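What follows is the residue order along each chain.
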Amino acid sequence: MKDRQFGRTGRVVSEIGFGAWAIGGAWGDVSEEEARGALHAALDAGTTFIDTADVYGDGRSERIIADVLKARGGERPYVATKAGRRAVPHVADEYNRKNLTAFIDRSLQNLSTDCLDLVQLHCPPTEVYYRPEVFGILDDLVQAGKIRNYGVSVEKVEEALKAIEYPGVVSVQIIYNIFRQRPAGLFFREAKAKDVAVIVRVPLASGLLTGKMNAATQFAADDHRAFNRNGEAFDKGETFSGVPYDVALDAVEAVRKLVPDNVTMAQFALRWILMEEAVSVVIPGAKNAAQAKANSAASDVAALPTETMEALRALYRERIAPHVHQLW
């Protein structure tokens, strides 16, 4: 497993991390045994970065992580969590001192630690990025010793650009994949210039870029790929990267032709992301040990040829960009 600098934090992390949404919920049934097995497999493969959130399974994801790390002992990986989505209603005014402190105290308990490595505002309303007092609260929580660093998880490039104007923001988590290429423009340049860590989520476009789905694929009722295709529960861009399912399936077949024989499409898609120097870590999810092990192996995939990169940019520009580029 290769490592990368995590922005200006002084930390070095594995370039492929572990996205812990799937072991919390909203991806169909994942048993405790499967969840623990997936995390153990990722850690065994050299993963040193775990991304979770307080709302993943209402804390289930955080608690599983704490249990697995306690059982393993040794040096603790870098664990990033998120706060804000517990707010009801989910509006900017709810990002206040009382709520943020309570959310972070709960995550401290769930993760069995006295200080959180990284807390990310969890895709807050856009207005929050225009409220310096919210970031002042996070500064105070750093001073209080409850969190070491803070960052943001965003939906839109514009939110990312606004967030990194705040000097305390050390990281931005954003959707970036073959079907969502806009961050590679202005945002990545600005993040590199300010030495802000970039965490890439939804790297496989909710599984589309595994190449294993088709028009007949069925999803469980509690899987967001069934209930959130049009943004019914949260931002539409989190599900299949916001690309219409039929359009995406056609594009997947074009991608398939570019995948070398000795790697899976998922590994190919992860390696495409890692071609970008601004990326600090990519966080594919895994529902079992086999998926986690395969994800980790993408760190060993050879660099993609220039002609392949150009073909994927053309694919995005011609087939995908009209559906997503100006929305996120």
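Below is a short write-up of the structure.

Parameters at a glance
Residues numbered from 1 in each chain as written. Predicted model: local features only at pLDDT ≥ 70, side-chain atom pairs only at ≥ 80, totals over all residues. Heavy atoms only, no water. Helix = DSSP H or I, 4+ residues; strand = E, 2+ residues; numbered from the N terminus. Rg over C-alpha atoms; globule rule 2.2 N^0.38 Å. Buried < 20%, exposed > 50% of the residue type's maximum accessible area, 1.4 Å probe, protein only. Contact = heavy atoms within 4.5 Å. Areas by Shrake-Rupley, 256 points an atom, 1.4 Å probe, with all protein chains shown as cover. Lys, Arg positive; Asp, Glu negative; His and termini not counted. Charge placed at Lys NZ, Arg CZ, Asp CG, Glu CD. Pairing = 2+ DSSP bridges. Axes fitted to C-alpha atoms, helices over the stretch in contact; angles between N-to-C directions. Salt bridge = Lys/Arg side-chain N within 4 Å of Asp/Glu carboxyl O. Parallel < 35°, antiparallel > 145°, perpendicular 65-115°, else oblique. Nonpolar A, V, L, I, M, F, W, Y, C, P; charged D, E, K, R; others polar. Left-handed = near helix turned anticlockwise from the far one by under 90°. Patch = residues over 30% accessible without salt bridge, like charges linked within 9 Å, V, L, I, M, F, W, Y side chains within 5 Å. Phe/Tyr/Trp six-rings, centres within 6.5 Å; stacked < 30°, edge-to-face > 60°.

1. Observations regarding the overall build of the protein
Link 1 in the chain: When you go through the protein residue by residue, the secondary structure sums to 11 helices and 10 strands.
Link 2 in the chain: The C-alpha radius of gyration of the protein comes to 18 Å, within 12% of the 20 Å expected for a compact globule of 328 residues.
Link 3 in the chain: In the protein, buried positions account for 56% of the 328 residues.
Link 4 in the chain: Considering only contacts in the protein between residues 6 or more positions apart, those separated by 24 or more positions represent 77%.
Link 5 in the chain: Accessible surface computed for the protein: about 13500 Å², of which carbon and sulfur atoms make up 49%.
Link 6 in the chain: In the protein, 39 positive and 43 negative side-chain charges are present, and the distance between their average locations comes to 1 Å.

2. What about the sheet that holds strand S7 (residues 147-153)?
Link 1 in the chain: Ordered in space as S3-S4-S5-S6-S7-S8-S9-S10, the 8 strands form an open sheet in which the pairing is parallel. Across the chains shown, the open sheet's two edge strands, defined by having one partner strand only, are strand S3 (18-19) and strand S10 (281-282).
Link 2 in the chain: By the bridge criterion, 3 bridges tie strand S4 (residues 49-51) to strand S5 (residues 78-83) in an arrangement that is parallel. What sits directly across from Ile 50, in S5, is Val 79.
Link 3 in the chain: Contacts from helix H4 (residues 132-143) reach strand S6 (116-122), S7 and strand S8 (169-175) within the one sheet, and its direction differs from that of S7 by about 155°.

3. Points about the pattern of salt bridges
Pairs can form between side chains of opposite charge whenever their charged atoms are close.
Link 1 in the chain: Tallied over the full model, the rule gives 20 salt bridges.
Link 2 in the chain: In this structure, the salt-bridge partner of Arg 182 is Glu 158, at a minimum N-O distance of 2.7 Å. Pair noted here: Arg 182 is in the loop between S8 and helix H6 (186-193) and Glu 158 is in helix H5 (residues 157-163), with a separation of 24 residues, a long-range link.
Link 3 in the chain: The exposure class of Glu 158 is partly exposed, given its relative accessible area of 40%.
Link 4 in the chain: Among the ionic contacts, a cluster of salt bridges with common partners joins Glu 32, Arg 36, Arg 60 and Asp 67.

4. Quick look at the packing of helix H8 (residues 245-256) against helix H11 (residues 306-324)
Link 1 in the chain: Across the interface, H8 lies against H11 with an axial gap of 11 Å and an inter-helix angle of 180°. Put simply, H8 runs roughly antiparallel to H11. Residues Val 247, Asp 250, Ala 251, Ala 254 and Val 255 of H8 touch H11, and the partners they reach there are Leu 312, Leu 315, Arg 319, Ile 320 and His 323.
Link 2 in the chain: Here the residues of the contact of H8 with H11 are counted per class, giving 7 nonpolar, 1 polar and 2 charged.

5. Considering unusual backbone geometry
Of all residues except glycine, most have a negative phi; of all peptide bonds, most are trans.
Link 1 in the chain: Going from Val 88 to Pro 89, the amide bond is cis rather than trans, its omega being 0°.
Link 2 in the chain: Note on placement: Pro 89 falls in the loop between S5 and helix H3 (97-110).
Link 3 in the chain: Phi angles above zero are rare outside glycine, and Ser 112 is one such case at about 55°.
Link 4 in the chain: Its location among the elements puts Ser 112 in the loop between H3 and S6.
Link 5 in the chain: Ser 112 gets classed as exposed once you look at its relative accessible area, which sits at 58%.
Link 6 in the chain: Even without being a glycine, Asp 195 presents a positive backbone phi close to 55°.
Link 7 in the chain: Checked against the element boundaries, Asp 195 lands in the loop between H6 and strand S9 (197-201).

6. As for the packing of helix H1 (residues 32-44) against helix H10 (residues 289-297)
Link 1 in the chain: Interhelical geometry of H1 versus H10 gives an angle of 25° and a closest axis separation of 7 Å. In terms of their interaxial angle, H1 and H10 are classed as roughly parallel. Crossing of H1 against H10: the hand is right-handed. Residues Gly 37, Ala 38, Ala 41 and Ala 42 of H1 form the contact with H10, whose own contacting residues are Ala 289, Ala 292 and Ser 296.
Link 2 in the chain: Here the residues of the contact of H1 with H10 sort into 5 nonpolar, 2 polar and no charged.

7. Some remarks on a negative patch on the surface
Link 1 in the chain: Together, Asp 29, Glu 33, Glu 34 and Asp 222 give the surface a local cluster of negative charge.
Link 2 in the chain: With respect to the secondary-structure elements, Glu 34 resides in helix H1.

8. Description of the packing of aromatic side chains
Link 1 in the chain: Following the criterion strictly, the structure yields 12 aromatic pairs and no others.
Link 2 in the chain: Centroid distance Phe 6 to Tyr 78: 5.2 Å. Interplanar angle 55°. Geometry classified as tilted. With Phe 6 in the loop between strand S1 (3-5) and strand S2 (12-14) and Tyr 78 in strand S5, this residue pair connects regions lying 72 residues apart in the sequence. With respect to class, Phe 6 is no different from Tyr 78; both count as buried.
Link 3 in the chain: The interplanar angle of 20° and the centroid separation of 5.8 Å between the aromatic rings of Trp 21 and Tyr 56 together place this pair among those described as stacked.

Geometry only, nothing functional implied.
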